[in-house]
Amino acid sequence: MDTDIVIVGAGPSGLCLARSLSGQGIKIAVIEQQSIDAISNPAFDGREIALTQHSASVMKELGLWQFIEPQAISQLRDAKILDGRSQFEMLIPHQLSQYQELGWLISNHLIRKSAYDAVQEANKLNHDITLIPGRKVVKVNASQKIAGVVLDDQTEMSAKLVVAADNRFSTTRRMMGIATDMHDFGRNMLVCCMTHDVPHEHIAWEWFDYGQTLALLPMNPDPETGRHRSSVVITVASDEAEELMKLSSAEFSRDVKERFGNRLGEMDLVSTIHSYPLVSVYPKRLVSTRFATVGDAAVGMHPVTAHGFNFGLLGVQKLSKEILSAHRIGKDIGDPALLLRYERTHRLKTKPLFLMTRLITEIYTKESPPAKLLRKVLLHLSAKLTPFKRSIATSLTGH
Ligand SMILES: Cc1cc2nc3c(=O)[nH]c(=O)nc-3n(C[C@H](O)[C@H](O)[C@H](O)COP(=O)(O)OP(=O)(O)OC[C@H]3O[C@@H](n4cnc5c(N)ncnc54)[C@H](O)[C@@H]3O)c2cc1C
């Protein structure tokens, strides 16, 4: 089968790339190892994704936003950072940005579903996207003239360009011989939804406590009980995460209430709990011969700065802009110069925050007495520096 672009992976990044290229006379094939049911109706996976204002506008342009119920979109008005057991908080108010809120929160499975729906809608009109579910890419070939993939049923496909959107552990990136800087933090992130007594006032918390990092992402009230509701994120050593997963719902709720120092009053688990190992990945190259990476395959962020999918959308925007400008003037869409421009821009946009995130997690997980003192001093100093806080607000809004 011949096509113009093969996208490996129908996660949110792969689907958004297909959607943004549709309608321009480019034939697109998206290969996904999961079944059509899993892609068209993704299951809840615990993740509430903090989206920048920039990402919200890209999702509106791509037609995803309109497929998400307004009640499922929560306002992330302000953010605050806490350290250890101190009552001191560094607030990042939305007033430091040009918006009424720093960003938005939407469940990952709803983003995935909206990306699938947007692709279906575009395809009804343009008939240029072939989605192949239930098939795994097992081989990638690329030469100066043509690229191609082989699927697990031995189907061969050739294309001008292959794009890997197949997650941070991308097997196709590996098949292309691209090495990565990978860091395993030895910790897991537990995510779930909980209701609580004390209102969150739409403020997100990032709490670098001792022995654990906690985050609270403000959601709209629980639709059944009307109680205040948040996405709770607990980062602990992997063995402790395993123990927590074994607790009953009531035990887990009590445990989390104590972890939050009772600051939210009674807390109740209202969803399943999901556990993610913390591994950050930055490939040495984002492109190769007739091959590019997007989404987590290009930048596998530590979720603490909430930028994984936001970077995914930036990459989709940049790569599709390059591809479409080449296509419009009849140039090769697998041209090495085009791919290198994409790589350069995306690196410039993502590498500084990737490194900064590593540094923050290094500093704020150290617990020797001098490290604790340094953490406290840094937070108090930062709280006094409005330009620094404004730069965090800018990063959270994406503008
Ligand atoms: C706990 C947690 C919290 C997060 N919070 C935020 C946040 O607040 N803000 C934010 O911006 N980001 C956040 N992220 C990151 C965000 O979830 C990811 O960046 C995003 O989901 C990645 O999408 P993707 O499409 O690149 O990859 P994925 O969603 O991983 O999709 C990859 C797809 O490729 C398919 N695939 C893999 N290999 C093959 C193959 N060989 N052949 C065919 N198909 C294949 C897979 O089945 C999958 O469907 C968070 C992540 C975690 C874990």
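Please refer to the structure placed before this passage.
Here goes a summary of the coordinates provided.

Calculation rules
- Residues numbered from 1 in each chain as written.
- Predicted model: local features only at pLDDT ≥ 70, side-chain atom pairs only at ≥ 80, totals over all residues.
- Helix = DSSP H or I, 4+ residues; strand = E, 2+ residues; numbered from the N terminus.
- Buried ≥ 20, exposed ≤ 12 C-beta atoms within 10 Å, placed from the backbone.
- Arc of directions from axis to C-beta.
- Contact = placed C-beta atoms within 7 Å.
- Near = placed C-beta within 6 Å.
- Pairing = 2+ DSSP bridges.
- Axes fitted to C-alpha atoms, helices over the stretch in contact; angles between N-to-C directions.

Even without being a glycine, His-202 presents a positive backbone phi close to 60 degrees. Following the sequence through the fold, His-202 ends up in the loop between β13 (180-196) and β14 (203-208). Residue His-202 is classed as partly exposed on the basis of its C-beta count, with 18 C-beta atoms lying within 10 Å.

The next point concerns helix α3 (residues 53-61). An α-helical turn contains 3.6 residues, so any two residues separated by three or four positions project in the same direction. Ser-55, Ala-56, Val-58 and Met-59 are the residues of α3 that are buried. Down the axis of α3, the buried side of the element spans an arc of 160 degrees, and every buried residue falls inside it. Seen from the open side of α3, the exposed residues pointing more than 90 degrees away from its buried face are Lys-60 and Glu-61. For α3, the secondary structure elements touched by its buried residues are β3 (48-52), β7 (103-107) and α8 (308-328). At the exit of α3 stands Gly-63, carrying a positive phi of roughly 80 degrees.

Here we come to the environment of Ser-395. Counting through the fold element by element, Ser-395 comes out in helix α11 (residues 386-397). Judged by the 19 C-beta atoms lying within 10 Å of it, Ser-395 falls in the partly exposed class. For Ser-395 and Leu-217, which are 178 residues apart along the polypeptide, the C-alpha to C-alpha distance reads 17 Å.

Moving on: the site of the ligand. Around the ligand sit 33 residues, and of these Gly-9, Gly-11, Gly-295, Ala-306 and Gly-308 come closest. The set of elements that each furnish at least two residues to the shell around the ligand consists of α1 (12-21), β3, β13 and α8. It is α8 that provides the largest number of residues to the shell around the ligand, a total of four residues.

Read across the sheet, three strands follow the order β3-β7-β4 without closing on themselves; strand pairing throughout is antiparallel. Single-partner strands in this sheet number two, and they are β3 and β4 (74-76). Ignoring strand direction, the axes of neighbouring strands in this sheet form an average angle of 35 degrees. Summarising the sheet, β4 and β7 pair through three bridges and their orientation is antiparallel. Directly across from Ser-74, in β7, lies its bridge partner Leu-105. Seen against the sheet, helix α4 (residues 108-126) touches β3 and β7 and runs at an angle of roughly 85 degrees to β7.

With that settled, the discussion passes to the pairing of strand β11 (residues 156-159). Relative to β11, strand β10 (residues 147-151) is paired through four bridges, and the arrangement is antiparallel. Considered in β11, the bridge of Val-150 is made with Glu-156. Counted between consecutive antiparallel strands, the loop separating β10 from β11 contains four residues, among which Gln-154 sits at a positive phi close to 75 degrees.

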